[in-house]
Amino acid sequence: MIKRPEEIALLAESGRLLASVFAHLDGLDLIGMSTMQVNDLVERYIVDELQARPASKGQYGFAYVLNSSRNSVVCHGVPSTTEFLRDGDIVNLDITLEKNGYIADSSKTYLVGDVPAAARRLVRVTYEAMWAGIQAVRPGATLGDVGYAIARHAREHGYSVVREYCGHGIGREMHEPPQVLHWGRPRTGMPLREGMVFTIEPMLNQGRPEVRDEDDGWTVVTRDGGLSAQFEHTVAVTATGVRVLTLRADERDLGAA
């Protein structure tokens, strides 16, 4: 689980490139685009512009370069030519990228057009919850500290945390130890050590935390039909705190906890 400095440098380069993918998406008007159009656009950008590999394509038999999880979809939404992004939607785009053999993983929930205030609030609090978890990362802290910080922020704002899915170690493989739960008790769980690299990717629901699987074998939705939002970064434990390897340009003031 401990990465050498040269490995973290390679992971940071993958993370930098992945951040540029989101910067590219930030400049688009998503209204009216199909989720497959977004998928294809991202694939071209990663392959042609960045000379990198979309690491999700082919992973576990998944045929696409991203997950597009819209409104009540919690995670693992499958891009479709018949699913169009509408004014007022929220959609999480979860993207991975491999460069020089190392993988970065990040996601962002986008507000599509004029989004109702309740949905905007869910997205904002989910983003804050991810950062609460990131800011708990430092040598000597525990994974329980990270999960507790996330769940406390969600609970204080009236949202529930999905428990079926978690963050994960990452490096040459997409999913490595440890599992990073988005709830927990302070000072419990695995101690964090300098050189550990993992994702923090909480999913918050408007209503209850329970989810169900759709018949396609991939898509996960809220059981009660409420909205769900997610954000994700890949982070490294440093000697003094945390480094966000997938940090986007608009987050530079948040990047050192």
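All of these numbers come straight from a predicted model, not from anything done at the bench.

A.B. asks: I'm lost on the overall build of the chain in this one. Help?
C.D. replies: The number of helices and strands found in the chain is four helices and 14 strands. Computed over C-alpha atoms, the radius of gyration of the chain comes to 17 Å, within 12% of the 18 Å expected from 2.2 N^0.38 for 257 residues, which places it in the range of a compact globule. Counting only C-alpha atoms, the chain reaches 45 × 45 × 35 Å along its principal axes. Going through the 257 residues of the chain one by one, you find that 56% of them count as buried.

A.B. asks: Looking at this structure, how should I read helix α3 (residues 117-134)?
C.D. replies: Each α-helix turn comprises 3.6 residues. Residues three or four places apart therefore point the same way. For α3, which comprises 18 residues, the first-to-last C-alpha distance of 26 Å matches the rise-based estimate of 26 Å (1.5 Å per residue) to within 8%. Residues of α3 that are buried: A119, L122, V123, V125, T126, A129, M130, W131, A132, G133 and I134.

A.B. asks: Explain the nonpolar core to me, please; I cannot follow it from the model alone.
C.D. replies: The nonpolar side chains of a soluble globular protein tend to be buried, and buried together. Formed by 36 residues in total, the largest nonpolar core has its most connected members in I134, V137, V146, L192, F198, I200 and L204. Looking at this core, the elements that each hand over two or more residues are α3, α4 (143-156), β8 (197-200), β13 (233-237) and β14 (242-244). With nine residues, α3 is the largest single contributor of residues to this core. In this structure, L204 is in contact with L122, V125, T126, A129, A154, Y159, S160, V161, L227, S228 and A229, ignoring residues within four places of it in sequence. Judged by nonpolar contacts, the second largest core, of 24 residues, contains L17, I46, L66 and V112.

A.B. asks: Mind showing me how you'd approach the packing of helix α1 (residues 5-26) against helix α2 (residues 35-49) here?
C.D. replies: In helix packing, the relevant descriptors are the interaxial angle and the interaxial distance, both defined with respect to the helix axes. One way to put it is that α1 packs onto α2 with a least axis distance of 11 Å and a crossing angle of 135 degrees. The angle between α1 and α2 falls in the class oblique. Here α1 and α2 pass one another in a crossing that is right-handed. Across the interface between the two elements, S20, V21, H24 and L25 from α1 touch V38, L41, V42, Y45 and I46 from α2. Classifying every residue of the contact of α1 with α2 by side-chain character gives seven nonpolar, two polar and no charged.

A.B. asks: Just checking my understanding: could you explain the packing of α3 against α4 for this structure?
C.D. replies: Following both chains from N to C, one finds α3 and α4 inclined at 155 degrees, their axes separated by 7 Å at the closest point. Between α3 and α4, the angle is such that the two are roughly antiparallel. Two packed elements cross with a definite hand, and for α3 against α4 that hand is right-handed. Between α3, through V125, E128, A129, A132 and G133, and α4, the contact on the second element is made entirely by V146, A149, I150 and H153. Here the contact of α3 with α4 is composed, by residue class, of six nonpolar, two polar and one charged.

A.B. asks: So what exactly am I meant to see when it comes to the sheet that holds strand β12 (residues 228-230) here?
C.D. replies: Either a parallel or an antiparallel arrangement is found when strands of a sheet pair, and the pairing is made through backbone hydrogen bonds. Pairing is antiparallel across the open sheet formed by three strands, whose spatial order is β5-β9-β12. Of all the strands in the sheet, the pair left with one neighbour each is β5 (160-161) and β12. As paired elements, strand β9 (residues 203-205) and β12 share three bridges and run antiparallel to each other. Bridge pairing in β12 places N205 opposite S228.

A.B. asks: Would you mind going over unusual backbone geometry with me for this structure?
C.D. replies: Most peptide bonds take the trans form, and the phi angle of most residues other than glycine is negative. The amide bond that connects P177 to the next residue, P178, takes the cis arrangement and shows omega of 0 degrees. Mapping P178 onto the fold places it in strand β7 (residues 176-180). A positive phi angle, near 60 degrees, is found at N71, a position not held by glycine. Looking at the element boundaries, N71 is found in the loop between β1 (66-70) and β2 (73-75). Accessibility expressed as a relative area gives 18% for N71, which makes it buried.

A.B. asks: Would you explain the state of the cysteines in this entry?
C.D. replies: Every disulfide links exactly two cysteines, by a covalent bond between their sulfur atoms. Taken as a whole and judged by the stated rule, the model has zero disulfides. Free cysteine C75: the closest other cysteine sulfur is in C166, separated by 11 Å. Given the relative accessible area of 3%, C75 is considered buried.

A.B. asks: Looking at this model, I keep getting lost on the pairing of β13. Mind explaining?
C.D. replies: Every regular strand shows the same layout, with side chains that alternate between the two sheet faces. In terms of burial, β13 is a largely internal element, five of the five residues being buried. Residues of β13 alternate between two faces, with H233, V235 and V237 on one and T234 and A236 on the opposite face, all of them buried. Judged from the four bridges that link them, β8 and β13 form a sheet pairing that is antiparallel. Among the inter-strand pairings, F198 is bridged to a residue of β13, identified as V235. Relative to β14, β13 runs antiparallel, the two being bridged by three bridges. Looking at β14, one finds that V237 is bridged to V242. Counting the residues in the hairpin turn of β13 and β14 gives four residues.

Criteria and cut-off values
Residues numbered from 1 in each chain as written. Predicted model: local features only at pLDDT ≥ 70, side-chain atom pairs only at ≥ 80, totals over all residues. Heavy atoms only, no water. Helix = DSSP H or I, 4+ residues; strand = E, 2+ residues; numbered from the N terminus. Rg over C-alpha atoms; globule rule 2.2 N^0.38 Å. Buried < 20%, exposed > 50% of the residue type's maximum accessible area, 1.4 Å probe, protein only. Expected span 1.5 Å × (residues − 1). Core = buried A, V, L, I, M, F, W, Y, C linked by side-chain atoms within 4.5 Å. Contact = heavy atoms within 4.5 Å. Axes fitted to C-alpha atoms, helices over the stretch in contact; angles between N-to-C directions. Parallel < 35°, antiparallel > 145°, perpendicular 65-115°, else oblique. Left-handed = near helix turned anticlockwise from the far one by under 90°. Nonpolar A, V, L, I, M, F, W, Y, C, P; charged D, E, K, R; others polar. Pairing = 2+ DSSP bridges. Disulfide = S-S within 2.5 Å.

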